[in-house]
Number of protein chains: 2
Amino acid sequence: MPEASDPIARMALQLARLPGIGQKSAQRLAYHIAGLPLDQVKDLAAALWQGRKALRFCARCGNYTQEEFCAVCADEERHNGQICVVRDARDVAAMERMRDFRGLYHVLGGTLSPMNGVGPEDIRIKELLARLSTENVQEVILATNPDIEGEATAAYIARVIKPLGVGSDLEYADEVTLAKAMEGRREL
Amino acid sequence: MPEASDPIARMALQLARLPGIGQKSAQRLAYHIAGLPLDQVKDLAAALWQGRKALRFCARCGNYTQEEFCAVCADEERHNGQICVVRDARDVAAMERMRDFRGLYHVLGGTLSPMNGVGPEDIRIKELLARLSTENVQEVILATNPDIEGEATAAYIARVIKPLGVGSDLEYADEVTLAKAMEGRREL
């Protein structure tokens, strides 16, 4: 490649690191961005960088936030004794879109995966147990994904929290399934 | 959405402006970027913004470059009397990957499209004619895309340059077709 296209090659290289964007898509996007007005590329780059810089983890639940606590944890009315355990912050957003669940969340930040060397100490299970001993929790809803690792993670958590006398289970696939599962959840 | 996710919403909004990235993909990417190390997001944002800022159009052919002339135009050995007319800089990169064509390019920056209000004065046809009167050009290769607009554009250019006594035509689909077409091109 001639050196003139290096900025485009560098753009494509970075874009190809994103999930679901292959080499070809990355190059197509890079050429598109090269042809955009300066202001629009500035807005894109700023949204990504400033956005990432502004985000941290909620000190209570692990959700993304710009403050010490996320919007859910900061809402006193949501402290109703329910904690919904999810894999990541995207699951919180999906649950919030349903406007159905009125309790708090706990974001694990991953799922147990012995194949990938992810053990109980690598996801926020310890933090969940700490919350169960300090917060007034009546019910834990395990809303990990309905795949093998998600179910294994839910089963593991159910086992370690069972002695504490709280718990409930549900299957999680999409928003509709989740809403139905929330209605039909049962005691562990 | 709680205000905590605003940076992610802003990321998703910007990403969704890119071609081929829908609302859902944009949100998925935004959450992915939120979870990346700061350095990696900085590299991505910098590649896009610095890259875009570094690019300008070659003063001769309209290809992307960081200098006054692109790498092809700056190469004296490429001034062999051939000009390959393409729609955009991506086509130049595709041709260069074939390492077959050893002449210069002319990037139109679009195709004629009466439906979208793109007329001959909106793409770099005037600049092509100027080159034909100032550069020593023996052959113009029309390598616009093989769709209706690309072919109409090639036909229009062939008509306006025919009196000048230079020209050749070819069908352009992909790299292989292009290579074959380059071999089999004929006098207009």
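Conventions and cut-offs
Residues numbered from 1 in each chain as written. Chains lettered and ligands numbered in written order. Predicted model: local features only at pLDDT ≥ 70, side-chain atom pairs only at ≥ 80, totals over all residues. Heavy atoms only, no water. Axes fitted to C-alpha atoms, helices over the stretch in contact; angles between N-to-C directions. Helix = DSSP H or I, 4+ residues; strand = E, 2+ residues; numbered from the N terminus. Parallel < 35°, antiparallel > 145°, perpendicular 65-115°, else oblique. Contact = heavy atoms within 4.5 Å. Nonpolar A, V, L, I, M, F, W, Y, C, P; charged D, E, K, R; others polar. Core = buried A, V, L, I, M, F, W, Y, C linked by side-chain atoms within 4.5 Å. Buried < 20%, exposed > 50% of the residue type's maximum accessible area, 1.4 Å probe, protein only. Least-squares fit on C-alpha atoms with pLDDT ≥ 70 in both. 1 Å grid on protein atoms, 1.4 Å probe; cavity = no way out; pocket = protein on both sides within 12 Å on 5 of 7 lines; lining within 4 Å. Points joined across faces, edges and corners; volume = space filled by probe spheres on them. Buried area = accessible area lost by both parts, 1.4 Å probe. Salt bridge = Lys/Arg side-chain N within 4 Å of Asp/Glu carboxyl O. Polar contact = N/O pair within 3.5 Å; in protein donor to acceptor, adjacent residues only side chain to side chain. Domains from an automatic or database assignment.

Draft legend 1. Quick peek at the packing of helix H3 (residues 38-54) of chain A against helix H3 (residues 38-54) of chain B. For the pair H3(A) and H3(B), the least separation of the axes is 9 Å and the interaxial angle reads 170°. As the angle between them shows, H3(A) and H3(B) are arranged roughly antiparallel. Counted together, A:Leu38, A:Val41, A:Lys42, A:Leu44, A:Ala45, A:Leu48, A:Trp49, A:Arg52 and A:Lys53 of H3(A) and B:Leu38, B:Val41, B:Lys42, B:Leu44, B:Ala45, B:Leu48, B:Trp49, B:Arg52 and B:Lys53 of H3(B) form the full contact between these two elements. Residues that form the contact of H3(A) with H3(B) fall into these classes: twelve nonpolar, no polar and six charged.

Draft legend 2. Representation of the nonpolar core. Residues A:Leu15, A:Ile33, A:Leu48, B:Leu15, B:Ile33 and B:Leu48 are the most contacted members of the largest nonpolar core, which totals 44 residues. Sorting the residues of this core by element identifies helix H1 (6-15), helix H2 (23-34), H3 and helix H4 (89-98) of chain A together with helix H1 (6-15), helix H2 (23-34), H3 and helix H5 (89-98) of chain B as the ones contributing at least two each. Residues within four places of B:Leu15 in sequence aside, it is in contact with A:Leu44, A:Leu48, B:Ile21, B:Ala26, B:Leu29, B:Ala30 and B:Ile33.

Draft legend 3. Up close: the relation of the copies chain B and chain A. With an axial shift of 0.0 Å and an RMSD of 0.0 Å, the rotation relating chain B to chain A amounts to 180°. Such values leave the two copies arranged in the relation of a two-fold axis. Across chain B, the smallest distance between a C-alpha and the rotation axis is recorded for B:Ala45, namely 2.2 Å. Both copies contact each other with a shared surface, as 100% of the interface residues of chain B are interface residues in chain A too.

Draft legend 4. Main features of the environment of A:Leu18. With respect to the secondary-structure elements, A:Leu18 resides in the loop between H1 and H2. In this view, A:Leu18 contacts B:Leu29, B:His32, B:Ile33, B:Leu36 and B:Leu44; residues no more than four positions away in its chain are not counted.

Draft legend 5. Seen up close, the layout of surface pockets. Its boundaries defined by the atoms lining it, the second largest pocket holds a volume of some 430 Å³. What lines the second largest pocket is a set of 19 residues, among which A:Tyr64, A:Arg87, A:Asp88, A:Ala89 and A:Gly109 lie closest to the centre. Looking at the lining of the second largest pocket, the elements that each hand over two or more residues are H4 of chain A together with H2 of chain B. At three residues, the largest contribution of residues to the lining of the second largest pocket is made by H2(B). Per-class residue counts for the lining of the second largest pocket are eight nonpolar, five polar and six charged.

Draft legend 6. A look at the interface of chain B and chain A. If you look at the interface, chain B gives 50 residues, while chain A gives 50 residues. Of the roughly 5000 Å² buried where chain B meets chain A, counting both sides, 71% is carbon and sulfur surface. If you sort the residues of chain B by the area they bury against chain A, B:Leu48, B:Arg52 and B:Arg90 come out on top, with a joint share of 14%. Inspection of the chain B/chain A interface yields zero salt bridges. The interface formed by chain B and chain A holds nine residue pairs in polar contact (both at pLDDT 80 or more) in total. Those elements giving two or more residues to the side of chain B that touches chain A turn out to be H1, H2, H3, strand S2 (64-65) and H5 of chain B. Its residues assigned to classes, the side of chain B that touches chain A comprises 30 nonpolar, eight polar and twelve charged.

Draft legend 7. Geometry of H4(A). By the criterion of burial, H4(A) is predominantly enclosed, with eight of the ten residues buried. Following H4(A) by one or two positions, A:Arg99 adopts a phi angle in the positive range, close to 55°.

Draft legend 8. How the structure looks around the domain arrangement of chain A. Here the domain parsing of chain A yields domain 1 (7-54) and domain 2 (60-183). Of note, the centres of domain 1 of chain A and domain 2 of chain A, computed from C-alpha atoms alone, are 33 Å apart.

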